[in-house]
Structures are given as structure tokens and as C-alpha cells.
Amino acid sequence: MNLRIILIVALLLPGLLGMAFAEDNVSFNLSNDSSQEVELSAGKGTITELTPVGAPYTTEGPIQFRVTTANTGSGNIPWGDLTMEIRYGPTNQLVESVVYDVGQLRRGESRTFLWNTTNVDFPYDSFQTGGSYIITATWNYPSGPATRSTQFYSVPSPWFIVALAGILMSVAAIAHKKRWWLTFYLAGAVSFMAFIVSFFIITGLDTWIMGIEAQNIAALATAFGIPSEFLPPNAFIFPDPTGWSIFGIGMECSAIIEIGVLSGLLILYPGYSWKRKTRYAAIGIGITYGANLIRMMSIVYLVNIFGKPALYVAHAFVGKIIFFIFIIVLYWYLLTRPTLSIVRNNIKGGKFE
């Protein structure tokens, strides 16, 4: 009995050892295959195209950028994100950015992204020369990143503003002839603003004013303990908790539009003499300019304390609320209250009975 068991074990032992050895081999081979697969999965990402479509841009309006990512490696790229940034060349100021999810790219695959934006608020040197910009595409993926940059030019055009001013001036002329006084007043005031804005852009005075504002803000910030420096033509730099922030003054931040609107409303106001119109316009322009400096200083102060993440709240809410309060008070004292006084006097004199 014992001899039979020994014989069976002797016969089965080589097979059992062979199976064990085969299992070790299979495990070893699988391990090799797995490590090889991991190595092959680290594909090579390349940005094969970065094109500002239609550049140079000679008019203000929609613009488009086309970016193509491609996997030129021997394995797959499991995930990744694509960041595109536009920076203003002279100051390296960040103008705009966007992030796309590239996702997985298999070996040999490519994916194209179209970024549709607008150049209306781009900072620039002057109306005559426009501005130079650098767009950079950075593709972050497990074995990356891949990056590509190119330069393009954009020249602002005020002619659509001039055309708008001409149309509104025609409307104002018709309204004056028809004695539609409210329509005349509103259309005339807006057309006056449009002509003021286009005049500043065409002559380059807008850049000059924006440069003065940037110098004023840099000086004010330094005086209040935030060391700042002016960066020509219309930007300034100041510290924040993570390093430095660069702000550029654009058309919408310059208060030129607000000054144009206020001047138009005062110049065409029928209840004032020309002497009073001129005095009120000078007062209004000065206060509007000062209110805009206070608005910008509030943004600088918040970013200096809380860092770049506070920029959106500071610019979109805090700064605008401060500026709005100043403008409401200004309009009350220069237009609303005097109008109510004129109406009250006319009612007392029986002119509206």
C-alpha cells in the first residue's frame, strides 16, 4: 500500500513541478507584458498646428485660433488638457486664456480645437500700429508636456463706431426737425460719445490717456505702501502673495467711454447755458477720472492682499460697484437734481398747467 502511494507520488511529482514551473513562467511573462504595456502607453504628444486664423486682424470683432494635437508615439496617451494663452507682447500681460480637455489619444490619432474669441478688449500700442501678441498652446499629459507658440498682430478699427455715430446723428437731426426732444437728446448724446471715442482712437490720444492713468495708479499704489512700477505704454506691475501682477489699462478701463457719455448728456442738455455746460462738463470729467482711479486702486489693493484668485471678484464686482456709486452721485448733482429744480420752478410759474 505504501509502495503504491510512493509510486503514484513519484509519477505525479514531475507533472506537479512542471505545472508549478509553468505557472511561474506565465506569471513572469504576464509581468513582462504588463511592464511593456505601461511603457508603450506613454505616447508622445506633439502640437502640430497653432494658427491664428485670418491674422493679422485689422478690424475689431470675432477671431479664431486653430490648434491640433497629435500622438506621434508608439503607445496611447490616456488623458491630458490643453491650455491656450494670449499675451500682449510689450508687457507680457495675460490678455485671455482657455482650457480644453484633450482626453485620450491613441497612437497616430490627432484632435483639432477651435478657439473662438474676440479682440475688442485687447490692449495695443496705438491705433496706427495696433499691437503684437503671443499665443501659446501647452498640452499637459502624463509623459508631457508639449508646447508651441506663435506671434500675431491686431490693429483696432474705430470705423464701426464712426458709422454708428453717423447713423445716430442722422436720427438726432430728424428728431430735432420733428421736435422729438427726448429722442434728439438721447441719440445726440450717444453719437457725441461715439465721435469722442473714435477721435481718441484715431489720433492715438487713447493710448496717451491710458498711459497717464497707469502712471497715476502706479504712483498712488506706491504712496499707499504697494510698490508699483509703470510699464510703457499703458501697464503697471505690483506685488501679490504669489509674485507679481501686471495690469494693462484698456479702453473699457480708461473711463473714456463714460466721460464721452457724460459730456454728450451735458453738452446737449437744453436747460443749461453754455457757460454752465462747460463748467459742469469740466467738473464731471475730473470726478469721473478720479472715480476710475479709485476703482482701479481697489482692484490693486484686493489682489495685493488676496492674490490673483481675487482678480475676478475685485474687477467684476467690487471695482464696478465703487465706480457705479460715484457715477450715480455725479449724475444726481449734475443732471437729475438740477432737472427736478427746473421742473419745480416751471410748475410754480404755471408753465405746465
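Residues numbered from 1 in each chain as written. Predicted model: local features only at pLDDT ≥ 70, side-chain atom pairs only at ≥ 80, totals over all residues. Heavy atoms only, no water.

Asks: What should I look at first to understand the environment of I285 in this one?
Replies: Structurally, the position occupied by I285 is in helix α6 (residues 274-306). In this structure the C-alpha to C-alpha distance between I285 and L262, which are 23 residues apart in sequence, comes to 7.8 Å. Discounting chain neighbours no more than four positions away, the residues touching I285 are I259, L262 and S263. (Helix = DSSP H or I, 4+ residues; strand = E, 2+ residues; numbered from the N terminus. Contact = heavy atoms within 4.5 Å.)

Asks: Quick question: what am I supposed to make of the pairing of strand β10 (residues 243-248) here?
Replies: Relative to β10, strand β9 (residues 235-240) is paired through six bridges, and the arrangement is antiparallel. In the strand pairing of β10, A235 is matched with G248. (Pairing = 2+ DSSP bridges.)

Asks: Mind showing me how you'd approach the packing of α6 against helix α7 (residues 311-348) here?
Replies: Between two packed helices, the angle of one axis relative to the other and the distance separating the axes together describe the packing. Their axes nearest at 9 Å, the elements α6 and α7 cross at an angle of 160 degrees. As far as their axial angle goes, α7 and α6 are roughly antiparallel. Pair α6 / α7 crosses with right-handed handedness. In terms of residue class, the contact of α6 with α7 is made up of 17 nonpolar, six polar and three charged. (Axes fitted to C-alpha atoms, helices over the stretch in contact; angles between N-to-C directions. Parallel < 35°, antiparallel > 145°, perpendicular 65-115°, else oblique. Left-handed = near helix turned anticlockwise from the far one by under 90°. Nonpolar A, V, L, I, M, F, W, Y, C, P; charged D, E, K, R; others polar.)

Asks: Would you take a moment to explain the confidence of the model for the protein for this structure?
Replies: Low-pLDDT stretches of the model should not have their predicted coordinates read in fine detail. Of all residues in the protein, 84% attain a pLDDT of 70 or more, and the chain-wide mean is 81. In this model residues 1-41 is a low-confidence stretch, pLDDT under 50, and it forms seven contacts with partners more than four residues away in sequence or in other chains. (pLDDT = per-residue confidence, 0-100.)

Asks: Would you mind showing me how to read unusual backbone geometry here?
Replies: Keep in mind that most residues, glycine aside, have a negative phi and that most peptide bonds are trans. For the bond from G144 to P145, the omega torsion is 10 degrees, close enough to zero to count as cis. Within the secondary structure, P145 is located in the loop between β6 (131-140) and β7 (146-154). Notably, R179 is not glycine yet its phi reads approximately 65 degrees, a positive angle. Relative to the assigned elements, R179 resides in the loop between α2 (159-178) and α3 (181-203). Taking the relative accessible area as the measure of exposure, R179 reaches 59% and is therefore exposed. (Buried < 20%, exposed > 50% of the residue type's maximum accessible area, 1.4 Å probe, protein only.)

Asks: Can you help me understand the side chain of S191 in this one?
Replies: Mapped onto the elements, S191 comes out in helix α3. Polar contacts involving the side chain of S191 include one to the main-chain carbonyl oxygen of G188, which spans 2.8 Å. (Polar contact = N/O pair within 3.5 Å; in protein donor to acceptor, adjacent residues only side chain to side chain.)

Asks: Quick question: what am I supposed to make of a nonpolar patch on the surface here?
Replies: On the surface, a cluster of nonpolar side chains totalling about 1100 Å² of accessible area is made up of Y312, V313, F317, I321, F324, I325, I328, V329, W332, Y333 and L340. Given the relative accessible area of 55%, F324 is considered exposed. (Patch = residues over 30% accessible without salt bridge, like charges linked within 9 Å, V, L, I, M, F, W, Y side chains within 5 Å. Areas by Shrake-Rupley, 256 points an atom, 1.4 Å probe, with all protein chains shown as cover. Salt bridge = Lys/Arg side-chain N within 4 Å of Asp/Glu carboxyl O.)

Asks: What's the story with α3 in this structure? I'm lost.
Replies: Think of an α-helix as turning once every 3.6 residues; residues three or four places apart then point the same way. An ideal rise of 1.5 Å per residue puts 33 Å on 23 residues; α3 measures up with 32 Å between its terminal C-alpha atoms. Residues of α3 that are buried: Y185, A187, G188, A189, S191, M193, A194, V197, S198, F200 and I201. G204 sits one or two residues past α3 and shows a positive phi near 85 degrees. (Expected span 1.5 Å × (residues − 1).)

Asks: Explanation requested: the sheet that holds strand β4 (residues 93-101) in the structure shown.
Replies: Adjacent strands of a sheet form backbone hydrogen bonds with each other and so pair up, either parallel or antiparallel. Strands sit in the order β4-β3-β6-β7 across an open sheet of four strands; the sheet is antiparallel. In this open sheet, the two strands that pair with only one neighbour each are β4 and β7. Neighbour-to-neighbour, the strand axes of the sheet open up by a mean angle of 15 degrees, direction not taken into account. Two elements, β6 and β7, share nine bridges in a ladder whose sense is antiparallel. Directly across from Y133, in β7, lies its bridge partner F152.

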